Amino acid sequence: MAPSAITEPIDSRIKDFVIQKKDTLPLPKEARARLERAGIDLSNGYPERPAKPLYLDDAINIRNVDREHVDAGARADKSKSSLLSAAKDVIHLTSHIGTEIVGLQLKDLTDQQKDELALLIAERSVVFFRDQDISPQQQKSLGEYYGEVEVHPQVPHVPGVAGVTIIWPALQATERAASFRNPGGASRWHTDLVHEKHPAGITHLHNDTVPSIGGDTLWASGYAAYSKLSPDFRKIIDGKKAIYTSAHTYLDRNDPSAGPKYIERVHPLVRVHPATGWKSLFVNRAMTKSIVGLDKAESDLILNYLHDVYEKNVDIQVRFKWTPRTSALWDNRITIHNASWDYEGTEPRHGTRVTSLAEKPYFDSEAPTRRQALGLADD
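Residues numbered from 1 in each chain as written. Predicted model: local features only at pLDDT ≥ 70, side-chain atom pairs only at ≥ 80, totals over all residues. Heavy atoms only, no water.

(A) Summary view of the overall build of the protein chain. Looking only at helices and strands, one finds ten helices and 17 strands in the protein chain. Expected size for 379 residues packed as a compact globule is a radius of gyration near 21 Å; at 20 Å, the protein chain falls within 12% of this value. Taking the principal axes of its C-alpha atoms as reference, the protein chain extends roughly 60 × 55 × 40 Å. Within the protein chain, the fraction of its 379 residues that count as buried is 55%. Contacts in the protein chain between residues at least 24 apart in sequence constitute 82% of all its contacts with a sequence separation of at least 6. Total accessible area on the protein chain is roughly 16,300 Å²; 50% of this is exposed by carbon and sulfur atoms. Averaging the coordinates of the 48 positive side-chain charges in the protein chain and doing the same for the 51 negative ones gives two points 2 Å apart. (Helix = DSSP H or I, 4+ residues; strand = E, 2+ residues; numbered from the N terminus. Rg over C-alpha atoms; globule rule 2.2 N^0.38 Å. Buried < 20%, exposed > 50% of the residue type's maximum accessible area, 1.4 Å probe, protein only. Contact = heavy atoms within 4.5 Å. Areas by Shrake-Rupley, 256 points an atom, 1.4 Å probe, with all protein chains shown as cover. Lys, Arg positive; Asp, Glu negative; His and termini not counted. Charge placed at Lys NZ, Arg CZ, Asp CG, Glu CD.)

(B) How the structure looks around the packing of aromatic side chains. Inspection of every chain in the model, using the stated rule, returns ten aromatic pairs. When the centroid spacing of 5.5 Å and the interplanar angle of 85° are considered together, the rings of Phe-320 and Trp-322 count as edge-to-face. On the basis of relative accessibility, which here comes to 3%, the residue Phe-320 falls in the buried class. Look at Trp-322 and you get buried, because its relative accessible area is 3%. The ring centre of Tyr-145 lies 4.9 Å from the NZ or CZ of Lys-114, which sits over that ring. The positively charged end of Arg-271 is found above the aromatic ring belonging to Phe-282, 4.6 Å away from the centroid. (Phe/Tyr/Trp six-rings, centres within 6.5 Å; stacked < 30°, edge-to-face > 60°. Lys NZ or Arg CZ within 6 Å of the ring centre and 35° of its normal.)

(C) Spotlight on the pairing of strand S9 (residues 241-250). Pairing of S9 with strand S10 (residues 261-268) involves seven bridges; the strand directions are antiparallel. Among the inter-strand pairings, Thr-249 is bridged to a residue of S10, identified as Tyr-262. Examined bridge by bridge, S9 and strand S13 (residues 288-291) share three bridges and lie antiparallel to one another. Looking at the pairing, Tyr-244 lines up with Thr-288 of S13. (Pairing = 2+ DSSP bridges.)

(D) Broad picture of the nonpolar core. Core analysis: the biggest nonpolar cluster contains 26 residues, and Ile-237, Leu-269, Leu-281, Val-283 and Leu-306 have the highest contact counts within it. Of all elements in the fold, only strand S8 (217-221), helix H7 (222-227), helix H8 (231-237), S9 and helix H9 (296-312) reach the threshold of two or more residues within this core. Here the element with the most residues in this core is H9; it accounts for five residues. Not counting residues within four places of it along the chain, the set of residues in contact with Leu-306 comprises Leu-229, Phe-233, Ile-237, Leu-281 and Val-283. If you look at the next biggest cluster of nonpolar residues, it comprises 18 residues, including Ala-87, Leu-106, Ala-118 and Leu-120. (Core = buried A, V, L, I, M, F, W, Y, C linked by side-chain atoms within 4.5 Å.)

(E) Expanded view of helix H4 (residues 111-124). With 14 residues, H4 should reach 20 Å at 1.5 Å per residue; the first-to-last C-alpha distance of 20 Å fits that figure. Burial within H4 is extensive, with eleven of its 14 residues counted as buried. Within H4, the full set of buried residues consists of Gln-113, Lys-114, Asp-115, Glu-116, Leu-117, Ala-118, Leu-119, Leu-120, Ile-121, Ala-122 and Arg-124. One or two steps after H4, the chain reaches Ser-125, where phi turns positive at roughly 75°. (Expected span 1.5 Å × (residues − 1).)

(F) Representation of the sheet that holds strand S5 (residues 126-129) within the structure. Taking strand neighbours across the sheet as the criterion, the seven strands line up as S3-S4-S5-S15-S7-S17-S6 in an open arrangement whose pairing is mixed. The open sheet has two edge strands with one neighbour each: strand S3 (89-92) and strand S6 (165-167). Neighbour-to-neighbour, the strand axes of the sheet open up by a mean angle of 20°, direction not taken into account. In this structure, strand S7 (residues 200-209) lies alongside strand S15 (residues 326-331), joined through six bridges in antiparallel fashion. Among the inter-strand pairings, Leu-205 is bridged to a residue of S15, identified as Ala-328. (Axes fitted to C-alpha atoms, helices over the stretch in contact; angles between N-to-C directions.)

If you want it as C-alpha cells, here you go:
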C-alpha cells in the first residue's frame, strides 16, 4: 500500500505542528473490501493522519467553548416501541449492562428509532448490533445525529472522513510494541476523551475484522459501581471534582524542555445522565489524576478504591464476543471499557470508531441511582 498522505492540522489556527509518520501496513482483506465499497480513496495510503499540534495550548483550545447539548435519549418515547417492535429479538446480556438488538440495520433507523436507541444505550450502557452493512460515512452520519463528532488532533482516521478514527491494534503496535505482559493501548480499563470540555457521550465502534478466538471487549456499569458504595461513602464523593487527563501529550510552549504534558480538565466524580436522570460514578484508572482539594495520599486512597469497585465487581460487567461486521454503541458517561488482547496479534482486528461529544458533566444531589429508579434495594 502506498504511504498515507500528509495532511494539515484539524484546526487552521494551529501553526506549530508535526507531520506524522507514513503508514505502509497492509489492510486486512475484509476491511479493504468494506472501504472500497464505500468509495474510500485508498490511492494515497491508509490511514490518514492529521498533522499533530506541537504545543499544549493549541491542543487545549480545540473545541474549548461552551455549547448546548440536547440529548437524543431525553426526547425519546420512554416505551421505545418504534425501535423494539421493529427488532427480531432483544437480548439483555446481563442484569445491569448490555443488550443485543437482532434484525435491524443501523443505517436504516428513523429519527424516532435513533432517539429511542439513545435512551436504550443510556439505560443499558452498551448495545450491540451484529451483521451490519454500514459504511464509514454512514457511521459518521449517525454520530452527528447524537452530537458533535470528535475529530482527534493526532489519531489516524479514514481518508477523507475526518471523525471516523481507526481502531487497528496492528497499526498501534508499530508505534508502541505490545506484549503478553504489557498489551497497552485499549487493553486497560478506561473511558474515552475525558479531557474534553464536553467529554464523550455515545461511541460507535464497528469492527469489520476480528480474530476467530479472543479479542473480546468488556464494559462495566458506572450506575452499578456507584450503587456498590455504601450510602455514607457516596456522601463523601458526591459533589467532589477531579482532574482528568488526555491520553496523548504535547509540549509546553513556554517550557518545551520540560517534556510531554497532558491536557487536564476538571469534572465531577459523580455525574448525572440527562436522559435517565440517574447518578453514575465517573472515574477511570487510566485518566483520573486526582481529587480536587485533597492531599495526594488522600486522593490516591479514595480513587484506588473507586477504581477497584468499578473494575473488580464482575456482576456489573458484560464481556462481549465480537463477530465480523458487528457494531457496539456505548455511553462513555456511564461506563468504562477494556479490550482484551488475549489473541496477541496472531490474527487481524480492524474497526472504525465515531464518538459524539455530549454535555459538560454535572452533578445533581437530588438525582436517584439506577436501582432507586427501578425500585431495587440500594442501601
